[in-house]
Amino acid sequence: MNKNLLRLIQLIPIMLSTVFTLIIIAQLLLHNRTELKENISDLRAEFNERQKQQIKNRVDTIYQQVSYERDRMENVLKADIKEKVYQAHDIVNAIYSDNTDKSAEDVHALIVTALKNIRFNNGRGYYFIYDLEGNNIMLPNHPDKEKTYLRDMQDSRGNYVIREFIALMKNKHEGFAKWWFYKPNNNVDEREKIGFLKHFEPYDWIIGSGEYVEDFEATVKKDLLHWISTIRFGNNGYMFVLDGQGVILAHQSNELIAQDYGRYQTEAQIMEMFDTAKDNGGYVKYSSVYQPDNVQGPDKLSYVKWYPDWEWMMGSGVYVTAMEEYLQQKEQIIVKQNRKKLRALIGFSFVLILVVGLLTHYLRKLLARRFAQFEMKIESNFIKLKNANNTMRHMALHDPLTGLPNRASLDKFAQQILTDDNEKYMAIAFVDIDNFKYVNDLYGHTVGDELICAVSRRFEKILSTGDMVCRFGGDEFLFCFSGVNTQAEIATKVTKINAIFNTKMRCGEREIKSNCSVGVSVFPDDGQTLEVLIGKADVALYKAKGQGKGRICLFEAEFDAQLKRQRAMKEELYKALERDEFEIHYQPQVNAKNKQVISVEALCRWNSPVFGQVNPVEFITIAEKCGAIHALGLSVIKIACDEILSISPNGHGALELSINISPIQIIEPDFFTNIKRVVKATGIDNSRVTFELTESAAIDSILSLSPLFHELKQSGFGLSLDDFGTGFSSLSYLSDLPFSEIKIDRSFIDKFLDSDQSDSLVKTIIAIGNSFNMTVVAEGVETQAQYEKLTHYNCDLLQGYFFGKPLRLNALLERISISQIAL
């Protein structure tokens, strides 16, 4: 009896475990079936909503772009006309200057001959000339009116067009005007024109040109429709545009463009689409007339929106069959995962019953006797093994300096995310600390390592669940952001990276202010593998650093082409130095009191045989990055000093020279020695040469070179702080560095006539310059009003297009001669 009771007691736990497990299995089966239905239902609802939101975002984006292009249309038209008239004015001025030995009548004829046959804007555009008395000098489209008195000519609105031209020239010397005029080959209907006029003083001529508003608007529409027709979204997504009469204006299929959409749809369907579009936009279902090869059916869901200004209906959509195929694939995956999970649960449950029942009953007594003997030894060995394993694993997956995960750790982390089947984004952010080389050069590698560690600790604090940061090498880091639902979330996370540099880093006994550049790529849009994503992020980082320090840049497809251009330009830069392709233009700086040219600023220009006329910002930035800035800078100093000395010998009243220098040049150990050597070799007096240093964040590092700047000042050179007020400078820089001059940035001059704040800043900067006994130069002076106000504020020197654009040496010499004659 006791044995049977003992056996029963031993069997009861097994029986109870079995029954309990069976009950759990039944509950799991029921829950599994319910979960499967809910997952499929949620999948369909979420996918449909996401698809609808995507097509709405497409249409809204294109709608906003069309609105933007229309709103800026008149400004673009005005800028184009103004540029054309400036070109004509330059031609007239050049002919006048080159033919001073000829009679006025001969010069008139040369000018008319040069301008009369010029056409632009598809033949609609031409130049006309009047004098201030109202006589027509040149009117190519109406030669019968040339050399006639047209002062009293009126357009169809009763406006005295020529009188208005004359009044505008007398008041402002140039400006925009509107009038009504016949179109070419049509002398019946007049159309509105917008034009630009400029006064040519030697002959008191009005040189002008105009464009018909409706023609320019038609060109803008045509370009936009062509662009919209080329837009693609995924495998079969595209945009379409219909006008108010149902004619297809833009479509993926060129064959459908200009077709009447009513030929393919019922009147009720057409009305529904237009009513929905005009009612603040909405979704419509219909049978599409166009069906891509990879789509099985014509049924389509589209979002349509009405653009009232041009009476366009814009839309984009998805094919229902394509959505259904995708959903079915996802449902099959969910079903398979569900079944696999169910089988695993059932198998695990039965194995658990067997293992627990048998091992608990059989091994409990057998192992209990020996466990006590080996427990201490096993535990000790296990702890040692675990510690050694953890140490080796940590060393294999972490950076020894910062303790951050390394590239191998990131590979494992990212690979797991990439292999997971989910609909969320993953972002790779490539981070590079700006000016890190300067920290190592100025303070040593120990401080550089301390800065890397300080940055690493701040990076760790901004990580969220599912994120990782690793040290990629040197001063480069990689962030991996997973489980991101929107592009906005990515932007928020990346912004946090930049934000940690807002305060200085404690590195031993120093506090260092730094910043970083960030390049970002996104899975799956920019790549399917980690290697590709890192490469794209690296390209975006290169682009960010090209835009300046502390920038963030998301990868875009065209970056690859831009990077190739930059690499090719880098090679051409060195060749250009060997071939002496660079030339110097000079912009006058005049005395505010008498407008006499006192000094010039040397500006480097490059007309490359490969790239054409290259923007100075572009090639100087590349030169700074590749190291060519040192050779280029010394070349500019030599050429400028030689040329200015050739037209203005040393002595009283000699023309002074300002030359820009890059912070990259200043860090070079032999920079100060080299510039003194180059200037001395040219023979120009040191006192005539001023070096302009742009105000920037790098000036913190430059302060450590203060003794060398004082040595430069003692040698007779001037030192100017360029773009004062736009960067990170303070008044302490003016006392720590021996500046003899400060330059007011053009951004303040542009606004100080209309902005009280800018006006106060300008007056304050001039007062600061006076208090430090420094020369104050205002850049970007372009109007009489700006000149008069700056003169009233006692600004010393003025520079800008009002006094002269950057000129070649011969043109500069002529400009100076004219100025001296005028005085």
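Quick note: structure is the one above.
Here is what the cut-offs are and how they apply
Residues numbered from 1 in each chain as written. Predicted model: local features only at pLDDT ≥ 70, side-chain atom pairs only at ≥ 80, totals over all residues. Heavy atoms only, no water. Helix = DSSP H or I, 4+ residues; strand = E, 2+ residues; numbered from the N terminus. Contact = heavy atoms within 4.5 Å. Areas by Shrake-Rupley, 256 points an atom, 1.4 Å probe, with all protein chains shown as cover. Pairing = 2+ DSSP bridges. Axes fitted to C-alpha atoms, helices over the stretch in contact; angles between N-to-C directions. Buried < 20%, exposed > 50% of the residue type's maximum accessible area, 1.4 Å probe, protein only. Core = buried A, V, L, I, M, F, W, Y, C linked by side-chain atoms within 4.5 Å. Parallel < 35°, antiparallel > 145°, perpendicular 65-115°, else oblique. Left-handed = near helix turned anticlockwise from the far one by under 90°. Nonpolar A, V, L, I, M, F, W, Y, C, P; charged D, E, K, R; others polar. Salt bridge = Lys/Arg side-chain N within 4 Å of Asp/Glu carboxyl O. Arc of directions from axis to C-beta.

Caption draft 1: How the structure looks around the overall build of the chain. A count of helices and strands for the chain gives 24 helices and 27 strands. Contacts in the chain between residues at least 24 apart in sequence constitute 62% of all its contacts with a sequence separation of at least 6. Accessible surface computed for the chain: about 43800 Å², of which carbon and sulfur atoms make up 52%.

Caption draft 2: Spotlight on the sheet that holds strand β1 (residues 127-131). If you trace the 5 strands from one edge of the open sheet to the other, you get β2-β1-β5-β4-β3, paired in antiparallel fashion. Of all strands in the sheet, those bounded by a partner on one side alone are β2 (136-138) and β3 (174-182). Taken pair by pair, the neighbouring strands of this sheet meet at an average axis angle of 35°, ignoring direction. The pairing of strand β4 (residues 190-200) with strand β5 (residues 205-212) spans 8 bridges and is antiparallel. Bridge pairing in β5 links Gly 195 to Gly 210. Packing of helix α3 (residues 104-116) onto the sheet brings it into contact with β1, β2 and β5, and relative to β2 it is tilted by some 60°. Its contacts with the sheet place helix α4 (residues 161-172) against β1, β3, β4 and β5, and it is angled at close to 175° to β3.

Caption draft 3: Expanded view of the pairing of β1. Counting buried positions over the 5 residues of β1 gives 5, a clear majority of the element. Residues Tyr 127, Ile 129 and Asp 131 line one face of β1 and the alternating positions Phe 128 and Tyr 130 line the opposite face, and both faces are buried. Summarising the sheet, β1 and β2 pair through 2 bridges and their orientation is antiparallel. Note on β2: the bridge partner recorded for Tyr 130 is Asn 136. From the end of β1 to the start of β2, which pair antiparallel, there are 4 residues, and Gly 134 there has a positive phi angle of about 100°.

Caption draft 4: How the structure looks around the nonpolar core. Counting residues in each nonpolar core, the largest one holds 79 residues, and the members touching the most others are Tyr 586, Ile 659, Phe 691 and Leu 798. Looking at this core, the element that brings in the most residues is helix α15 (residues 629-647), giving 9 residues. In this structure, Ile 452, Val 484, Ile 512 and Val 522 belong to the second largest nonpolar core, which totals 31 residues.

Caption draft 5: Representation of the packing of helix α12 (residues 530-546) against helix α13 (residues 559-579). It is at 10 Å that the axes of α12 and α13 come closest, and there the two elements cross at 60°. Taken as axis vectors, α12 and α13 run oblique relative to one another. Our pair here, α12 against α13, has a crossing hand that is left-handed. Residues Lys 536, Val 539, Ala 540, Tyr 542 and Lys 543 of α12 pack against Phe 559, Asp 560, Gln 562, Leu 563 and Gln 566 of α13. Grouping the constituent residues of the contact of α12 with α13 by class yields 5 nonpolar, 2 polar and 3 charged.

Caption draft 6: Just unusual backbone geometry, in detail. At the junction of Phe 523 and Pro 524, the peptide bond is cis and its omega measures out at 5° in the coordinates. Residue position: Pro 524 is located in the loop between β17 (516-523) and α12. One non-glycine residue, Lys 147, lies in positive phi territory at about 60°. Residue position: Lys 147 is located in the loop between β2 and α4. Non-glycine residue Asn 435 carries a positive phi angle of around 60°. Turning to its location among the elements, Asn 435 is positioned in the loop between β12 (425-433) and α9 (436-443).

Caption draft 7: Structural detail: the environment of Phe 803. Along the chain, Phe 803 turns up in the loop between β27 (797-799) and α24 (809-822). Judged by its relative accessible area of 7%, Phe 803 falls in the buried class. Sequence separation between Phe 803 and Val 590 is 213 residues; the distance between their C-alpha atoms is 7.6 Å. Setting aside its immediate chain neighbours within four residues, Phe 803 contacts Val 590, Lys 595, Val 781, Tyr 787, Leu 798 and Arg 815.

Caption draft 8: Seen up close, the pattern of salt bridges. On inspection of all chains with the given rule, the structure shows 32 salt bridges. In this structure, Glu 74 and Lys 78 form a salt bridge, with 3.5 Å as the shortest nitrogen-oxygen distance. One end of the pair, Glu 74, and the other, Lys 78, are both in helix α2 (residues 73-98), 4 residues apart, so they sit about a helical turn from each other. The shortest N-O distance in the salt bridge between Arg 808 and Glu 583 comes to 3.2 Å. In this pair, Arg 808 sits in the loop between β27 and α24 while Glu 583 sits in strand β19 (residues 582-591), placing the two residues 225 residues apart along the sequence. Glu 583 gets classed as partly exposed once you look at its relative accessible area, which sits at 28%. The network of salt bridges with common partners includes Glu 572, Lys 575, Arg 579 and Glu 581.

Caption draft 9: The arrangement of the packing of helix α8 (residues 407-419) against α12 in detail. Relative orientation of the contacting elements α8 and α12 amounts to 115°, with a least axis distance of 10 Å. As the angle between them shows, α8 and α12 are arranged roughly perpendicular. Contact with α8, carried on its side by Arg 407, Leu 410, Asp 411, Ala 414 and Leu 418, involves Leu 530, Glu 531 and Ile 534 of α12 and no other residues of that element. Each residue belonging to the contact of α8 with α12 can be placed in one class, and the counts come to 5 nonpolar, no polar and 3 charged.

Caption draft 10: Just the sheet that holds β17, in detail. Ordered by their spatial adjacency, 5 strands build an open sheet running β13-β14-β12-β17-β18, and the pairing between neighbours is mixed. Of all strands in the sheet, those with a lone pairing partner are β13 (467-473) and β18 (552-554), marking the two edges. The sheet shows a mean angle of 20° between the axes of neighbouring strands, direction not considered. The pairing of β12 with β17 spans 8 bridges and is classified as antiparallel. Note that in β17 the partner of Ile 433 across the bridge is Cys 516.

Caption draft 11: Helix α19 (residues 706-714), seen in detail. Among the residues of α19, those classed as buried are Ser 706, Phe 709 and Leu 712. Buried residues along α19 cover an arc of 115° about the axis, so they all sit on one side. Exposed side of α19, more than 90 degrees from the buried face: Pro 707 and Gln 714 are the residues found there. Positioned one or two residues after α19, Gly 716 has a phi angle of 105°, which is positive.

Caption draft 12: Region of the structure containing the environment of Phe 709. Locating Phe 709 in the fold gives a position in helix α19. C-alpha of Phe 709 to C-alpha of Asp 736: the two residues are 27 residues apart in sequence and 9.9 Å apart in space.

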